[in-house]
Amino acid sequence: MKMQLSNYRVVIPFIYGAVMLREKNFKAKAADLCILMVSLGLLVLGSTVAK
């Protein structure tokens with residue numbers, strides 16, 4: 001549950017910035033956000049497997 005809440009804290013401001021502020025460099029920032037989410041997921045997966 002904690003991981004899901006943390007993800008929403010990153011994704012919601014990103015979407016707000018892209019839509020409301022008319023972000024011009026959206027594709028590059030979306031790619032960075034996807035890399036960040038995959039990295040976080042791998043860290044969580046690794047920490048649960050190590051237990």
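The structure this text deals with has already been given above.
Criteria and cut-off values
- Residues numbered from 1 in each chain as written.
- Predicted model: local features only at pLDDT ≥ 70, side-chain atom pairs only at ≥ 80, totals over all residues.
- Heavy atoms only, no water.
- Helix = DSSP H or I, 4+ residues; strand = E, 2+ residues; numbered from the N terminus.
- Buried < 20%, exposed > 50% of the residue type's maximum accessible area, 1.4 Å probe, protein only.
- Areas by Shrake-Rupley, 256 points an atom, 1.4 Å probe, with all protein chains shown as cover.
- Contact = heavy atoms within 4.5 Å.
- Patch = residues over 30% accessible without salt bridge, like charges linked within 9 Å, V, L, I, M, F, W, Y side chains within 5 Å.
- Salt bridge = Lys/Arg side-chain N within 4 Å of Asp/Glu carboxyl O.

## Comments concerning the overall build of the protein
When helices and strands are counted, the protein shows two helices and zero strands. Relative to its 51 residues, the protein shows a buried fraction of 12%. When the accessible surface of the protein is summed, it comes to about 4600 Å², and 70% of that surface belongs to carbon and sulfur atoms.

## Remarks on the environment of Ile15
Here Ile15 is to be found in helix 1 (residues 2–20). Judged by relative accessible area, which is 46%, Ile15 ranks as partly exposed. Separated by eleven residues in sequence, Ile15 and Phe26 place their C-alpha atoms 9.8 Å apart.

## A look at the environment of Val11
Within the element layout of this structure, Val11 appears in helix 1. Each C-alpha atom, one on Val11 and one on Cys34, is 9.8 Å from the other, the two residues being 23 residues apart in sequence.

## Here's the deal with the environment of Leu33
Structurally, Leu33 is set in helix 2 (residues 26–50). Looking at Leu33, the relative accessible area reads 14%, which means it is buried. Through-space distance from the C-alpha of Leu33 to that of Val10 is 8.4 Å; in sequence the pair is 23 residues apart. With sequence-adjacent residues up to four places away left out, Leu33 is seen in contact with Val10 and Phe14.

## Digging into a nonpolar patch on the surface
A contiguous nonpolar surface patch, about 550 Å² in accessible area, is contributed by Ile15, Tyr16, Val19, Met20 and Leu21. For Tyr16, the position within the fold is in helix 1. Residue class for Tyr16 comes out partly exposed when judged on its relative accessible area of 48%.

Read these as layout, nothing more, since geometry by itself doesn't imply function.
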